[in-house]
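Listed below are the residues making up each chain.
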Amino acid sequence: MRIAYLDCASGISGDMLLGAAVDAGADLATIQTGIDSLGLPSCRLELEEVKRHAFRAAKVHVRHEPEHAHRHLHHITDMIDGSNLSDTQQEVAKRVFTRLGEAEAKVHGSTLQKVHFHEVGAVDSIADIVGCAIALDLLQIDRIVCSPLPTGHGFIQIAHGRCRVPAPATAELLQGVPLAETDVQAELTTPTGAALAVTMSESFGSMPAMTVQSIGYGAGDRDFESHANILRMLIGSVSDEAKSDQVIVLETNLDDVSAEIIGHTSQSLMQAGALDVYATAIQMKKNRPGTKLTLLCRAFDVELLENILFRETRTLGVRRWTADRRILGREEIR
């Protein structure tokens, strides 16, 4: 199994991920051919080797004619459907744009059908997202793991005016994703980068056990004095017999909660996406018998499952932490 680990010490944007993928071996000419089939006006990709804080990295520039189009989601999906991209590449690109559209619709109080893209509907953002879908397919990546994401601090100017980092759509996309602390006064994770990370990554956390075979470095636009503005992509292999991933462990101690409620809550958690749920008999204050309810889940399901715990059990608090695990491959045979 081929695995890619996204080391996002300086955040993630579409061009940073695309640059890292090209630097790791994805053929730029093949990516350009796929971009050309979208029908974008005079859109071409140019690769430049740059330095960020004295470290070498690849920078992919998207050159195109000026335009002022505000596209809806269906405009972009129609372009993708009419392209010569493979089925896998089309599916990934459309999932990323749909995730972006859902976030934009929520923050603007609109619907997925009515919301129109501003910055992320521009030619360069479309080229970044579609280019990443093509590049990662060319690299034959089976699984992507992403590091915790730093968002940065301060304010940025967007189509709707001045707003605080992270931008509203970025914050919406990063719900349930572990974030890394940083004091950099800049936007490190963009909406496009956040959408790519949450849509394409299987999990978030530290680098899994793997044999590294190639490394790509993608540069961001700015060159910070404090650190290298680079996204590092490590590509390698893991055994098919056993693979590693990360899960979130949630648990709460329940006092004076009936077995019927615990059973119902456990069933609701499994139906909502929990990987496993189990109850442990414990002894609580004043020697009263109680129950510890524990569950395993993916990072993007944390908020939903915590809300179920609070609603169904009336617990006062839920503990959480990230756990590494090694799992065997499984298949179903009838």
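Structure: see above.
Predicted model only: the values in this text are computed from it and were never measured.

> I keep staring at the pairing of strand β12 (residues 289–297) and nothing clicks. Help me out?
Strand residues, when the strand is regular, have side chains that alternate between the two faces of the sheet. Of all nine residues making up β12, seven are buried, and the element is well covered by its neighbours. Across eight bridges, the pairing between strand β11 (residues 276–283) and β12 is antiparallel. Bridge pairing links I282 to G290 in β12. What sits between the antiparallel neighbours β11 and β12 is a turn of five residues, in which K286 has the positive phi angle 60 degrees.

> Please clarify how the packing of aromatic side chains should be interpreted in this entry.
Both the distance between ring centres and the angle between the ring planes are used here to describe each pair of aromatic rings. This model, assessed by the stated rule, comprises zero aromatic pairs. Against the face of F155 rests R162, its NZ or CZ located 3.9 Å from the ring centre.

> Could you clarify how one ought to interpret the environment of S125 in this entry?
Looking at the secondary structure, you find S125 in helix α5 (residues 123–138). Sequence separation of S125 and P191 is 66 residues, and the distance between their C-alpha atoms is 9.9 Å.

> Help me out: how do you make sense of the packing of helix α4 (residues 87–108) against α5 in this one?
For any two helices packed against each other, the geometry is given by the interaxial angle and the distance between the axes. As a packed pair, α4 and α5 sit with axes 9 Å apart at the nearest point and diverge in direction by 140 degrees. The pairing of α4 with α5 is recorded here as oblique in orientation. Both α4 and α5 take part in a crossing whose hand is right-handed. Seen from α4, the contacting residues are T88, Q89, V92, A93, V96, F97 and L100; seen from α5, they are I126, I129, V130, A133, I134 and D137. Along the lines of polarity and charge, the residues of the contact of α4 with α5 split into 10 nonpolar, two polar and one charged.

> Mind showing me how you'd approach unusual backbone geometry here?
Among all residues save glycine, negative phi is the norm, and among peptide bonds the norm is trans. Here the residue pair V165 and P166 is connected by a cis peptide bond, since its omega of 0 degrees sits within 30 degrees of zero. By the element assignment, P166 lies in the loop between β6 (161–164) and α6 (168–173). A positive phi is found at H53, a non-glycine position, where the angle reads about 55 degrees. Looking at the secondary structure, you find H53 in the loop between β2 (44–52) and β3 (55–63). Classification of H53 by relative accessible area gives partly exposed; the value is 34%. Phi at A54 takes a positive value of approximately 75 degrees, unusual for a residue other than glycine.

> I would appreciate a short explanation of the packing of helix α8 (residues 259–271) against helix α9 (residues 302–313) in the present structure.
Here α8 crosses α9 at 160 degrees, and the two axes come no closer than 10 Å. Between α8 and α9, the angle falls in the class roughly antiparallel. Crossing angle aside, the handedness with which α8 passes α9 is right-handed. Every residue of α9 that contacts α8 at I261, H264, T265, S268 and L269 is listed here: L305, I308, L309, E312 and T313. Tallied by class, the residues present in the contact of α8 with α9 amount to five nonpolar, four polar and one charged.

> Just to check I follow, could you spell out the side chain of R52 for this structure?
Locating R52 in the fold gives a position in strand β2. Within the local environment of R52, its side chain forms a polar contact with the backbone oxygen of R222, the two atoms lying 3.4 Å apart. In this structure R52 touches A219, G220, D221, R222, D223, A228, N229 and I230, once residues within four positions along its chain are discounted.

> Explanation requested: the environment of T151 in the structure shown.
Following the sequence through the fold, T151 ends up in the loop between β4 (143–146) and β5 (155–158). Owing to a relative accessible area of 12%, T151 belongs among the buried residues under this scheme. Leave out the neighbours within four places in its chain, and T151 touches V165, P166, L174, L179, T182, A186, E187, L188 and T189.

> Looking at this model, I keep getting lost on α5. Mind explaining?
Side chains of residues three or four places apart in an α-helix project in the same direction, reflecting 3.6 residues per turn. The terminal C-alpha atoms of α5 lie 22 Å apart, and with 16 residues this matches the ideal 22 Å at 1.5 Å per residue to within 8%. With respect to burial, α5 is a largely interior element, 13 of its 16 residues being buried. Looking one or two places after α5, you find Q140, whose phi comes out positive at around 55 degrees.

Conventions adopted
- Residues numbered from 1 in each chain as written.
- Predicted model: local features only at pLDDT ≥ 70, side-chain atom pairs only at ≥ 80, totals over all residues.
- Heavy atoms only, no water.
- Buried < 20%, exposed > 50% of the residue type's maximum accessible area, 1.4 Å probe, protein only.
- Helix = DSSP H or I, 4+ residues; strand = E, 2+ residues; numbered from the N terminus.
- Pairing = 2+ DSSP bridges.
- Phe/Tyr/Trp six-rings, centres within 6.5 Å; stacked < 30°, edge-to-face > 60°.
- Lys NZ or Arg CZ within 6 Å of the ring centre and 35° of its normal.
- Axes fitted to C-alpha atoms, helices over the stretch in contact; angles between N-to-C directions.
- Parallel < 35°, antiparallel > 145°, perpendicular 65-115°, else oblique.
- Left-handed = near helix turned anticlockwise from the far one by under 90°.
- Contact = heavy atoms within 4.5 Å.
- Nonpolar A, V, L, I, M, F, W, Y, C, P; charged D, E, K, R; others polar.
- Polar contact = N/O pair within 3.5 Å; in protein donor to acceptor, adjacent residues only side chain to side chain.
- Expected span 1.5 Å × (residues − 1).

Nothing here speaks to function; it is all geometry.
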